[in-house]
Amino acid sequence: AKYPDGGRSSALAMTFTADGLEAIYQYYTDDTGHGSLFRTKRSSPAAPWSAPAPVIGLDSPASDEGPVLSADGQTIYFFSDRETPNPRLYSATADGVGFTAPKRMPNLNPDNDSYPVVTGDELTLYFSSHRSVATPNGNVPERKVYRATRARRDLPFANPVEVTELNANEWKSVPSWVSPDGCEI
């Protein structure tokens, strides 16, 4: 897909429908410095991609980033600063043309959550969170991976817990993919 501005930008965090005919990605422009979600489509796996366009229902002046589609392509998860300067997690449902108005995901962290990924059944959510951790030198924010679960898809994710085995190194931990069965991340 070509960038709408002719190549002065970058595309990151691309997510695909299961059939590989649609892609939604985070698009940065040099002019605004914020991410927007764009969609491109094609008629078959061998066909060229359409010109990218903002995702209907998700386009906003805020920075919307890290999109991930559910396995059935009916729900999109992403993070945004549309309500506060710190990013929060959002989800929206496909409506046949684009997506419904995004809703902030409750019951997680009130501060600085990003990069959501979901299992195929959408019952487990992994995400990165920049939370304060007590140290001998005071509270220090650290980016780590957390997991939240729910019993059914119609319920909100709740009770996030740190996934310590994914946070064992000094790298800033950010999940980018989880297998449909949740066994690999």
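To be clear, the structure that these remarks concern was listed above.
Residues numbered from 1 in each chain as written. Predicted model: local features only at pLDDT ≥ 70, side-chain atom pairs only at ≥ 80, totals over all residues. Heavy atoms only, no water.

Trainee: How would you sum up the overall build of the chain? Please name residues and give values.
Mentor: The helix and strand tally for the chain stands at zero helices and twelve strands. Counting from the amino terminus, the chain carries its helices and strands in the arrangement β-β-β-β-β-β-β-β-β-β-β-β. The proportion of buried residues among the 185 residues of the chain is 43%. In the chain, once contacts between residues fewer than 6 apart in sequence are set aside, the share between residues at least 24 apart is 41%. When the accessible surface of the chain is summed, it comes to about 9900 Å², and 52% of that surface belongs to carbon and sulfur atoms. (Helix = DSSP H or I, 4+ residues; strand = E, 2+ residues; numbered from the N terminus. Buried < 20%, exposed > 50% of the residue type's maximum accessible area, 1.4 Å probe, protein only. Contact = heavy atoms within 4.5 Å. Areas by Shrake-Rupley, 256 points an atom, 1.4 Å probe, with all protein chains shown as cover.)

Trainee: Can you tell me about the environment of Leu89, naming the residues and giving the values?
Mentor: With respect to the element layout, Leu89 can be found in strand β7 (residues 88-93). Along the backbone, Leu89 and Lys103 are 14 residues apart, and their C-alpha atoms lie at a distance of 8.5 Å. Apart from residues no more than four positions distant in its own chain, Leu89 is found in contact with Phe78, Phe79, Lys103, Arg104, Met105, Leu108, Asp113, Ser114, Pro116, Leu125 and Phe127.

Trainee: Describe the pattern of salt bridges, naming the residues involved and giving the relevant values.
Mentor: Per the stated rule, a full pass over the model turns up eight salt bridges. Between Arg153 and Asp72 there is a salt bridge whose closest N-O contact spans 3.3 Å. With Arg153 in the loop between β11 (138-149) and β12 (158-162) and Asp72 in the loop between β5 (64-69) and β6 (75-80), the pair connects residues that are 81 residues apart, well separated along the chain. The salt bridge involving Arg153 is made with Glu122; its shortest N-O contact spans 2.7 Å. (Salt bridge = Lys/Arg side-chain N within 4 Å of Asp/Glu carboxyl O.)

Trainee: Quick one: what's the story with the sheet that holds β7, residue by residue and with numbers?
Mentor: The strands that make up a sheet are held in pairs by hydrogen bonds between backbone atoms, and each pair lies either parallel or antiparallel. If you trace the four strands from one edge of the open sheet to the other, you get β5-β6-β7-β8, paired in antiparallel fashion. The strands lining the two open edges of the sheet, one partner per strand, are β5 and β8 (103-104). Summarising the sheet, β7 and β8 pair through two bridges and their orientation is antiparallel. In the sheet register, Tyr90 faces β8, and the bridge partner there is Arg104. (Pairing = 2+ DSSP bridges.)

Trainee: Describe the environment of Tyr27, naming the residues involved and giving the relevant values.
Mentor: Assignment of secondary structure puts Tyr27 in strand β2 (residues 22-28). In sequence terms Tyr27 and Phe38 are eleven residues apart; their C-alpha atoms lie 6.6 Å from each other.

Trainee: Can you tell me about the nonpolar core, naming the residues and giving the values?
Mentor: One finds Tyr77, Phe79, Leu89, Met105, Leu108, Val118, Leu125, Phe127, Tyr146, Ala148 and Phe157 forming the largest nonpolar core, which totals eleven residues. Of all the secondary structure elements, the ones that give two or more residues to this core are β6, β10 (124-135) and β11. Leaving out residues up to four positions away in the same chain, Tyr146 has contacts with Leu125, Tyr126, Phe127, Ser129, Arg131, Pro160, Val161, Glu162 and Val163. Counting ten residues, the second largest nonpolar core, distinct from the first, contains Ile24, Leu37, Phe78 and Phe99. (Core = buried A, V, L, I, M, F, W, Y, C linked by side-chain atoms within 4.5 Å.)

Trainee: How would you sum up the layout of surface pockets? Please name residues and give values.
Mentor: By rolling a water-sized probe across the atoms, one finds the places where empty space is left. In this structure, the largest pocket spans a volume of roughly 500 Å³. Taken together, 25 residues form the lining of the largest pocket, with Thr15, Val68, Leu69, Ser176 and Trp177 sitting closest to its centre. Put simply, the parts of the chain that give the lining of the largest pocket at least two residues each are β1 (10-16), β5 and β9 (113-118). When grouped by side-chain class, the residues that make up the lining of the largest pocket number 17 nonpolar, eight polar and no charged. (1 Å grid on protein atoms, 1.4 Å probe; cavity = no way out; pocket = protein on both sides within 12 Å on 5 of 7 lines; lining within 4 Å. Points joined across faces, edges and corners; volume = space filled by probe spheres on them. Nonpolar A, V, L, I, M, F, W, Y, C, P; charged D, E, K, R; others polar.)

Trainee: Report on the packing of aromatic side chains, specifying residues and quantitative values.
Mentor: For the structure on display, the rule yields eight aromatic pairs. Consider the rings of Phe78 and Tyr90, whose centres lie 5.8 Å apart with planes at 15°: the pair is stacked. Here the residue Phe78 occupies a position in strand β6, and Tyr90 occupies one in strand β7, the gap between them amounting to twelve residues. Exposure class is identical for Phe78 and Tyr90. Each is buried. Taken together, the ring pairs connect Tyr25, Tyr27 and Phe38 into an aromatic cluster. In this arrangement the basic side chain of Arg82 is found over the ring face of Tyr90, its NZ or CZ atom lying 5.7 Å from the centre. (Phe/Tyr/Trp six-rings, centres within 6.5 Å; stacked < 30°, edge-to-face > 60°. Lys NZ or Arg CZ within 6 Å of the ring centre and 35° of its normal.)

By themselves, these are just geometric observations and shouldn't be taken as functional.
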